Amino acid sequence: MNKIKKHYIIIPIITAILSLIVIVMTSFNTTIVDKSYSLFTEDLNSNNISTVIIDTSSKMIISLNNGDTYSTDNPHTDTLKEKLLLNGIEVKDQVRAPLSKTIPAGILGLSLLALMVMLVSKAKSGGSSITSMDMEDFSKNKKAALNFHAVAGNEEAKESLMDIVDFLKNPEKYQKYGARMPKGVILYGDPGTGKTLLAKAVAGEAGVPFYALSGSDFVQVYVGVGAARVRNLFKKAKSHGQAVIFIDEIDAIGKARSNNKNGSSNDEKDQTLNALLTEMSGFEQNEGIVVIAATNRLDMLDTALLRPGRFDRHIEIELPDVNAREKIISLHLENKPHENLDIRDIARKTIYFSGAKLESLINESAILAAKDNSDFITSEHIESAYSITLAGHEKKERSYLKEEDKLLTSYHEAGHGLISMLLLPQDKVSKITIIPTTKGAGGYTLTIPEDSRYHRLDYLKNKIKVSLGGRAAEEIIFGKDKVSTGAVGDLSQSTDIALKMITEYGMGETLGLIKLSSVGSLYSSYGNPVIDECKTLVNTLYEETVELLQENKNSLDNIALELLDKETLYEDQLNKLAI
Ligand code: ADP
Ligand code: ZN
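Residues numbered from 1 in each chain as written. Chains lettered and ligands numbered in written order. Predicted model: local features only at pLDDT ≥ 70, side-chain atom pairs only at ≥ 80, totals over all residues. Heavy atoms only, no water.

- Going by an unreviewed UniProt entry, the chain carries the name ATP-dependent zinc metalloprotease FtsH 3 and comes from Clostridium vincentii.
- Taken from UniProt, the Cofactor (unreviewed entry) comment for the chain reads in full: "Zn(2+)".
- Among the UniProt annotations of the chain, the heading Subcellular location (unreviewed entry) holds the following wording: "Membrane". (UniProt positions renumbered as here; feature names shortened; annotations may be inferred.)

Below, the structure is given as structure tokens:
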């Protein structure tokens, strides 16, 4: 139905063009030559004239007996008309435009009017959202429904989203306890990691309709249209009772306001964002509508979106590690004939591939197999597809990283992890991974620090050592000349702690118990000695870190090599490797 509506607009466009063509053609045909007044009097005297059209304009139009027509100056005299009539010439007072002109002109006018009315009503109703809105009703079509089996890996995210599914399925259960369903969930992470897929799976699992809209749809529309689209979307969703509303690229409308300074588009974004916030606060938490938004960068979003009662649940969707990649590859191979494929090996080679990229790798292999008329996808097809996929991407992309870099990251992260386990056993190392984060780190070590009000001097020193552990491991394994820039974040952390110890916590020699920021204008004269002391402190701690790692090189190797293979290690695995 909406498609037909959309096509109606073609009709006035066509009629307008046609009538314009007719008008132009007829006006070419009837160009009238202008002749001098004396020629006119000559014609008058020799009785050649049949009709004269006189009106108030400066020209009058003369038709001759032989059919010719021309115009000449209108003398505006009262006697002319009488003279003409006496000569038996027909005189017409008014130019009546020929029908061949009025009809097309009329049609043109009507068409333009219709066109304007259509455009305005379309903009007002936000009607175009209907065409750009992606809607799938999983409550009616259970077969098409995606579920969590279509999403491999991402176990933590799935678990968190399972809650939402349960809320949608059994609202009474939660109502009984007065529990509120989260209204909004933000999925954030690299492109192609399966955020859309997960949102669809939530709708599929719960058996409710899925409405999707992309933030980029709002970027180039007239003021007010975006807001209307949002309202329209919520209205449709509410009419169904329960629904999952998915907003992809939410950053396009919900970018932190101070970040966008380019004038006019601001208004539109603000209006759209406000409409979204209003709609979200407009429904009750137990109404059964959940809004899932996706973005690549959580830190770019307007804080208004992240407040409680809005998008208060944030779930990171990470790049898949080797196990997850194995599952994703198997999943996409499921319906494709293949033979003798070492899936684990493919998974190992595709570090830093997103789910979307793995899907495209498998698809590319299937195309190659089809071109070969081969019965199966073979490892040769995968191999060629792999080169195609890699060559198709720029070098700077992460999937191009060499095995050597992977080894470096493994040792670097193992260094942090091991030092933390040795010196700060109370801060649990819950996870080490060499899968990079969206924030740009090459890998990371996640520790859960013990809750404590104060930090003691020895704790701070050990914290610095943990930060330096990455660089220290690089130096031990690869040599002083081969250390990398990977430690940049670590160094700002260790420098920060060391500076604070000396200038704020009264833990240094140069200032003793003086707190530098309270000294005011004298501040600058203390600069150099403080930096010197800071440098000595950090360097000493670094030497001790290197020593400690050397003493435990076996454990370091174990963790690093296991990390190279598994890419992500958790607490209990680490505990076994560290002994
Ligand atoms: P995003 O929304 O994060 O950019 P999508 O959900 O659009 O990513 O993923 C694009 C495609 O990549 C999916 O349709 C699917 O084929 C594939 N894909 C991505 N992640 C996964 C996954 N975890 N499991 C299976 N397929 C995946
Ligand atoms: Zn580091």
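**Structural notes on the overall build of the chain**
- Helix and strand counts for the chain stand at 23 helices and 14 strands.
- By the burial criterion, 42% of the 579 residues in the chain qualify as buried.
- Once local pairs closer than 6 in sequence are excluded, the contacts in the chain between residues at least 24 apart make up 73%.
- Of the roughly 31400 Å² of accessible surface on the chain, 54% is carried by carbon and sulfur atoms. (Helix = DSSP H or I, 4+ residues; strand = E, 2+ residues; numbered from the N terminus. Buried < 20%, exposed > 50% of the residue type's maximum accessible area, 1.4 Å probe, protein only. Contact = heavy atoms within 4.5 Å. Areas by Shrake-Rupley, 256 points an atom, 1.4 Å probe, with all protein chains shown as cover.)

**A word on unusual backbone geometry**
- A positive phi is found at N47, a non-glycine position, where the angle reads about 55 degrees.
- Inspection of the secondary structure puts N47 in the loop between α3 (37-45) and β2 (49-53).
- Located in the positive-phi region is N154, a residue other than glycine, with phi close to 50 degrees.
- When you line up the elements, N154 lands in the loop between β6 (134-137) and α7 (155-169).

**So, the site of ligand 1**
- Around ligand 1, 17 residues are found, and the nearest of them are A152, G192, K195, T196 and H332.
- A distance of 2.9 Å separates an oxygen atom of ligand 1 from a polar side-chain atom of K195.
- One nitrogen or oxygen atom from the side chain of T196 is found 2.6 Å from an oxygen atom belonging to ligand 1.
- In isolation ligand 1 exposes 560 Å². Once the protein is present, 80% of that is buried.
- Elements with a minimum of two residues in the shell around ligand 1: α9 (195-206), α14 (322-333) and α16 (355-371).
- Both domains that meet at the shell around ligand 1, namely domain 2 (138-317) and domain 3 (322-391), each give it at least three residues. (Near = heavy atom within 4 Å. Polar contact = N/O pair within 3.5 Å; in protein donor to acceptor, adjacent residues only side chain to side chain. Domains from an automatic or database assignment.)

**So, α3**
- All of the buried residues in α3 are F40, D43 and L44. Along the long axis of α3, the arc covered by the buried residues comes to 100 degrees, so they all point the same way. For α3, exposure combined with an orientation more than 90 degrees from the buried face picks out E42 and N45.
- Residues of α3 that are buried sit in contact with β2, β3 (59-64), β4 (69-73) and α4 (78-86).
- Once α3 ends, the next one or two residues include N47, with phi positive near 55 degrees. (Arc of directions from axis to C-beta.)

**Side note on the packing of helix α18 (residues 403-423) against helix α19 (residues 457-478)**
- For the pair α18 and α19, interaxial distance at closest approach is 7 Å and the crossing angle is 140 degrees. The orientation of α18 relative to α19 falls into the category oblique. α18 and α19 meet at a crossing whose hand is right-handed. Listed contacts from α19 to L407, L408, Y411, H412, G415, H416, I419, S420 and L423 of α18 are N462, K465, V466, S467, G469, G470, R471, A473, E474, I477 and F478. (Axes fitted to C-alpha atoms, helices over the stretch in contact; angles between N-to-C directions. Parallel < 35°, antiparallel > 145°, perpendicular 65-115°, else oblique. Left-handed = near helix turned anticlockwise from the far one by under 90°.)

**Description of the coordination of the zinc ion (ligand 2)**
- Note on the zinc ion (ligand 2): its protein donors are H412 (NE2), H416 (NE2), D490 (OD) and D490 (OD). The metal-donor distances range over 2.0 to 2.7 Å.
- All donors of the zinc ion (ligand 2) belong to a single chain; written as a sequence motif, their spacing is H-x3-H-x73-D. Placement of the pair is H412 and H416 together in helix α18, with a separation of four residues, close to one helical turn. For the pair H412 and H416, one class covers both residues: buried. (Donors = N, O, S within 2.8 Å, 3.2 Å for Na, K, Ca; no water.)

**Considering the packing of aromatic side chains**
- Taken as a whole and assessed by the stated rule, the structure comprises four aromatic pairs.
- For the pair F353 and Y386, a centre-to-centre distance of 6.1 Å together with 15 degrees between the ring planes defines the contact as stacked. With F353 in the loop between α15 (343-349) and α16 and Y386 in helix α17 (residues 379-391), this pair connects stretches of sequence that are 33 residues apart.
- Note on F353: relative accessible area 0%, which makes it buried. (Phe/Tyr/Trp six-rings, centres within 6.5 Å; stacked < 30°, edge-to-face > 60°.)

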